[in-house]
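Here's the letter readout for the chains.
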Amino acid sequence: MDALTTPPAYDATLADHGFDPIEVEGLTYPLGEYEPKYGEYFELMPGIGWTRTPVPGPLGHINNWILDDLHPDGTPGFAIVDTGLFMPAVIESWKALFETGLNGKTATKIVVTHFHPDHVGCAGWLANRFKAPLHMNRTEWLLARMLTADVSADVPQEAIDEWRFAGWDEALIKEKCEGGWGRFARAVSQMPIGHIRMDEGDSLTIGDNHWRVMIGRGHTPEHACLIDDKNQVMISGDQILPRITSNISVMLSEPTADPLGEWLTSIDRFRAEIDPDLLVLPAHGRPFKGAHQRLDTLALRHNEALDDLADALAEKPMRVVDSFPLLFSRPIGHDVIGMATGEAMATLRHLEYTGRAVHDMKDGTAWYSAP
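Residues numbered from 1 in each chain as written. Predicted model: local features only at pLDDT ≥ 70, side-chain atom pairs only at ≥ 80, totals over all residues. Heavy atoms only, no water.

## Quick word on the UniProt feature "domain: Metallo-beta-lactamase" (unreviewed entry) in the protein
How we decide: UniProt positions are given in the numbering used here, feature names are shortened, and annotations may be inferred rather than shown by experiment. For the purposes of this entry, the term helix denotes a DSSP run of H or I that reaches at least four residues, the term strand denotes a run of E that reaches at least two, and both are numbered from the N terminus.
Per the UniProt record, the feature "domain: Metallo-beta-lactamase" (unreviewed entry) sits at residues 61–284. Within the segment residues 61–284, helix and strand shares are 33% and 24% respectively, and the terminal C-alpha atoms sit 7 Å apart.

Have a look at this one:
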């Protein structure tokens, strides 16, 4: 087996793992191209373990972080940060890890960065299995609780109106209606009835380390990142990813919000407040250094998209669906049109909020143009 699939013997620090770091687009990956298999535990550095669980589709995986901790009686345990989807392959991965990789220890707490199913999916199952408390931001917990309760088979009229607003044709709307509603609940285990709130500036003690909570906005309303300032490590969730750009979408629960404006504000704040030499542990992709570089790139991409779309609107009016070729590098099929619509609406909405676009309604569909 080669060095990309078999980790070398553990040494005292991350830098001594024996991997050859690689640098790509200004980011440094200290572990090169190494990544653990599903259900495998890899000790990243003292007190921090790394595993992965599967996610269907292009993402392929989510990173799950295992932090050394102590139970109230002083016995060793571990905290889990982000839990994976609630589906058989993920559950099997967790069971394999508990049986082979953690020396019989049990979980002390379950920590979730935000409400998306690949992060919160197994939270209830894990909390119940270990009788461990769930730590989440209140808004994110409430959203997860709300969406798991929404199991109606009928697509709400608000969703149909939004699809028509975006310019979906009637055949596509009919197809999506036939697909039903309540998909969130299918990927998320029953949530605990209570949680321990994580808010901006809180300190979460896990083992010997203190993790400062920093809230980012835009990808979700109040996404919690964890920063260990002493050891210069950040668990970033989806707030800072090394290769892909987090989806920034208008949500049906807040149809007049400006999530892209919140995202860009959060980028500026994170860049001003976090150490540029932090080791970033993202939800997708490999651990990396170069947070400021990555934040700059994320801001640049969104600002370029805003400029391109504003220029196009000066040429002719367009619907949300007409903006797809300007915003996305591949054709948008029916499998991803929901996410693409949300992101395109967020971009157009931000142009409106900043005075660079207006829209008029015609037969339930919005037509955007320059003011």
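## Describing the nonpolar core
Nonpolar side chains in soluble globular proteins generally cluster together in the buried interior. Which entries qualify depends on this criterion: Among the buried residues, those of types Ala, Val, Leu, Ile, Met, Phe, Trp, Tyr and Cys that are joined through side-chain atoms within 4.5 Å form a nonpolar core. Working definition: with a 1.4 Å probe on protein chains only, accessible area under 20% of the residue-type maximum means buried, over 50% means exposed, and in between means partly exposed. Contacts are residue-level and defined by heavy atoms, with any inter-residue pair within 4.5 Å sufficient.
One finds Trp-168, Met-234, Phe-270, Ile-274 and Val-320 to be the most contacted residues of the largest nonpolar core, which totals 52 residues. It is helix H9 (residues 291–315) that contributes the most residues to this core, 10 residues altogether. Among residues more than four places away in sequence, those in contact with Ile-274 are Met-214, Ile-227, Met-234, Ile-240, Ala-291, His-292 and Leu-295. Counting residues in each nonpolar core, the second largest holds 35 residues, with Val-120, Ala-123, Ala-144 and Phe-184 among its members.

## A look at the sheet that holds strand S8 (residues 134–136)
This is how it is decided: Pairing between two strands requires that DSSP report at least two bridges joining them.
Within the open sheet, the seven strands sit side by side as S3-S4-S5-S6-S7-S8-S9. Their pairing is mixed. Only two strands of the sheet have a single partner each, and these edge strands are strand S3 (42–45) and strand S9 (196–197). Relative to strand S7 (residues 106–111), strand S6 (residues 76–81) is paired through five bridges, and the arrangement is parallel. Within S7, the residue paired with Ile-80 across the bridge is Ile-110.

## As for the pattern of salt bridges
Between side chains of opposite charge, pairing is possible as soon as their charged atoms come close. Our working rule: In what follows, salt bridge is the name for a side-chain nitrogen of Lys or Arg lying within 4 Å of a carboxyl oxygen of Asp or Glu.
Scanning the model with the defined rule gives 13 salt bridges in all. The partner of Lys-174 in a salt bridge is Glu-178, with the nearest N and O atoms 2.6 Å apart. One end of the pair, Lys-174, and the other, Glu-178, are both in helix H6 (residues 170–178), four residues apart, so they sit about a helical turn from each other. Here the two residues Lys-174 and Glu-178 agree in accessibility, since each one is exposed.

## So, the pairing of strand S12 (residues 223–228)
Across the six residues of S12, six count as buried, placing the element largely inside the fold. Going residue by residue along S12, you find His-223, Cys-225 and Ile-227 tucked away on one face and Ala-224, Leu-226 and Asp-228 tucked away on the opposite face as well. Here five bridges tie strand S11 (residues 209–216) to S12, and the two strands are oriented antiparallel to one another. Pairing of Arg-212 across the sheet is with Ile-227, part of S12. With antiparallel pairing between neighbouring strands as the criterion, S12 and strand S13 (residues 233–237) make up a hairpin whose turn holds four residues, including Gln-232 at a positive phi of roughly 55 degrees.

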